[in-house]
Each structure stands twice: as structure tokens, then as C-alpha cells.
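Given next are the chains, with one letter for each unit.
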Amino acid sequence: MSEASSDRVEIVNIVGSGALGVEVDIAALAGDIPEAEYDPENYHGMYLRFEEHAPLVTLYRSGKYIITGADSSDRLFEMREQTLNLLQEMGIVAVDVDDGFSIQNFVCQADIGQDVNLNATAIGLGLEKTEYEPEQFPGLVYRPPEYDCVILLFGSGKVIVTGASELEIAEHAFEHLKSKVAELL
DNA sequence: TTAACGTTTTCTTATATAGCCTGATACA
DNA sequence: TGTATCAGGCTATATAAGAAAACGTTAA
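Throughout this description, residue numbers start from 1 for each chain and increase along the sequence as written. Naming scheme: in the order in which they are written, chains are lettered from A and ligands are numbered from 1. The model is predicted, so local features are restricted to residues of pLDDT at least 70 and side-chain atom pairs to those at 80 or more, both for listing and for counting; the totals for chains, interfaces and linings are taken over all residues. The side-chain values count all of the structure's non-hydrogen atoms but skip hydrogen atoms and water molecules.

Draft legend 1. Layout of the pairing of strand 10 (residues 158-164). Bridge analysis of strand 6 (residues 102-111) against strand 10 gives 6 bridges, and the strand direction is antiparallel. The residue bridging glutamine 109 from the neighbouring strand is isoleucine 160, located in strand 10. Adjacent in sequence and paired antiparallel, strand 9 (residues 150-153) and strand 10 are bridged by 4 residues, among which glycine 157 carries a positive phi angle near 95°. Strand pairing is defined by DSSP finding a minimum of two bridges between the two strands. Counting from the N terminus, the helices are DSSP H or I runs at least four residues long and the strands are E runs at least two residues long.

Below you can see the structure in the form of C-alpha cells.
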């Protein structure tokens, strides 16, 4: 895993979801696909992983599915294509299926590049927008009103941005935080 | 009081972050 | 036996999905 530079965010995980539009007998399907894993006693979704460390596809009986663990949009859509191709080969879905697939959540990491006093930062950012309870969790939770995402800030200056549906939102939110922290120094 | 129904919560997966706690192991 | 070190798990955050359990409410 590469280090996040001090002026940009690095994607570490993307969550996407879609719907096949047909009901799927996942118990039968799991028996026909070597890459599938299905244990209804543990969880009712069927897991599909094409190779080690590849993103994980979770397929439900309703035909809806989610993909987690991709570190780029390309990787996510590549996994979606691979999944649809497999299901088309098996006659589960049509070749031109419209699954309405979309990205739901970007998880990114970044680095401000210097240590941060989280107590002072929580006050500076506004206590109504932040949560900081070091006894419970060492990171400061910041919910910027301008951006639809949540930022975790740590004393080391490391940052996690999550909940963004677009990469630009995560990037802008990080820049916003960075300038706010700079003002407080 | 019990049954029936509706609503809410939990579970699972991925991922980074960092501090604390617990258990296991090694050594004096 | 006591101390030190290490690994692993938990804490929090977002998001999708749907089953199941745990609730709360209402009526008989």
C-alpha cells in the first residue's frame, strides 16, 4: 500500500451497487460457481471473488448486489463486468441487462503532513460539527456541512474521508479541512 | 395476558486510521 | 513467577443489500 501524499487523497475502498432485475436462486448458483461462497447460517448473501485480494461481490436473492474492496473506479467496474459476464454465460441475465449500477461510497486516505492537536482542532472546527472522545476512539470525527461526507482526523495528521459518492467530494472536503487546520495553526 | 403485527436494530463485507486491552509467548 | 514484547481484536466512520431477532404497539 502506497503512502498518501500531503496534497491529494488516495482511494482505499469503493462500494458500488446494482440490481439485475431478476430473482436469483443463490443456493443453486453457488453450487455451480467455483468462486462462490454461500453459508446461509452465517449470512444470507452469496459471496463471489474471482481471485485472491480482488474486490468482493455480494449477491442477494432479489438480484441486487454490491461490490466492495475496489481501490479504483476502473477496478470496480471491471469487477462488475466480470460478474455480469459470468451471469450472462449462465443464463441468469440478458446480455444487454441494465443493472443501474452506481458508486455509493468512496473511502479515501490522505495526510495533512504534520501533527495535529485534536482538542484545539475540534474547538476550531466547531463542536457542533465534530466528535472527539479519545477514550472511545483516537480520531476526531468531522462532518463538514458543505460536503456530503465524513472525515476522520488523527493526531498524526493522517485523514480518512468516507461517505462520499464522488471522488471530487472527498478531494474538496480534504482541501477544505486542510485549509481549516492551517488557519488554526 | 397473549397474540399479532409493525418498526427498528443487528449482522456481514471492504478499507484506512490509532489507542487501548487482552491473551499468548519468551526469557530471566 | 514476574516482566516484556507481540499479535490480534475492539473501538468509530460510511455505504449497499436482506434476513432475522429484538423490540414496541395495539387489540382481543
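Draft legend 2. Looking closely at the protein's contact with DNA strand C. Put simply, a residue is near a molecule or strand once any heavy atom of it comes within 4 Å of that molecule or strand. Near DNA strand C you find 21 residues, and of these His44, Tyr60, Arg61, Ser62 and Arg143 are the closest. Counting only the atoms of DNA strand C within 4 Å of the protein, the fraction contributed by sugar and phosphate is 61%. The term polar contact refers here to a pair of N or O atoms within 3.5 Å; inside protein, the definition further demands a hydrogen-donor-capable atom paired with an acceptor-capable atom, and it admits residues adjacent in sequence only when both atoms are side-chain atoms. Here glutamate 131 contributes a side-chain N or O atom positioned 3.2 Å from a phosphate oxygen of DNA strand C. Between threonine 162 and DNA strand C, the recorded distance is 2.8 Å, taken from a side-chain N or O atom to a base nitrogen. Of all the elements in the fold, those that place two or more residues in the surface near DNA strand C are strand 1 (10-19), strand 5 (64-70), strand 6, strand 9 and strand 10. For this scheme, ten residues count as nonpolar: Ala, Val, Leu, Ile, Met, Phe, Trp, Tyr, Cys and Pro. Four count as charged, namely Asp, Glu, Lys and Arg, and the remainder, Gly too, count as polar. Split into classes, the residues belonging to the surface near DNA strand C amount to 9 nonpolar, 8 polar and 4 charged.

Draft legend 3. Looking closely at a negative patch on the surface. The patches described consist of residues with a relative accessible area above 30% and no salt bridge, like charges being joined within 9 Å and nonpolar side chains (Val, Leu, Ile, Met, Phe, Trp, Tyr) within 5 Å. Note on areas: Shrake-Rupley, 1.4 Å probe, and residue coverage restricted to the protein chains presented here. By salt bridge we mean one thing: a side-chain nitrogen of Lys or Arg within 4 Å of a carboxyl oxygen of Asp or Glu. Residues scored as charged are limited to Lys and Arg (positive) and Asp and Glu (negative), so that His and the chain ends carry no count. In this description, the location of a charge corresponds to atom NZ of lysine, CZ of arginine, CG of aspartate or CD of glutamate. There is a patch of like negative charges on the surface, built from Glu166, Glu168, Glu171 and Glu175. Counting through the fold element by element, glutamate 175 comes out in helix 4 (residues 167-184).

Draft legend 4. Focus on the domain arrangement of chain A. Domain boundaries shown here were taken from an automatic or database domain assignment. Domains assigned within chain A are domain 1 (16-103) and domain 2 (112-184). Computed over C-alpha atoms only, the centres of domain 1 and domain 2 are separated by 34 Å.

Draft legend 5. Expanded view of the packing of helix 3 (residues 118-125) against helix 4. Each axis is a line fitted through C-alpha atoms, taken for helices only over the stretch in contact, and angles between the N-to-C directions span 0 to 180 degrees. With their axes 10 Å apart at the nearest point, helix 3 and helix 4 run at an angle of 110° to one another. By the angle between their directions, the pair helix 3 and helix 4 is classed as roughly perpendicular. Residues Thr121, Gly124 and Leu125 of helix 3 lie in contact with helix 4, whose contacting residues are Leu177, Lys180, Val181 and Leu184. Split by residue class, the contact of helix 3 with helix 4 holds 4 nonpolar, 2 polar and 1 charged. The scheme is simple: roughly parallel for angles under 35 degrees, roughly antiparallel for over 145, roughly perpendicular for 65 to 115, oblique for anything else. Only heavy atoms matter for contacts: two residues are in contact if any of them lie within 4.5 Å across the pair.

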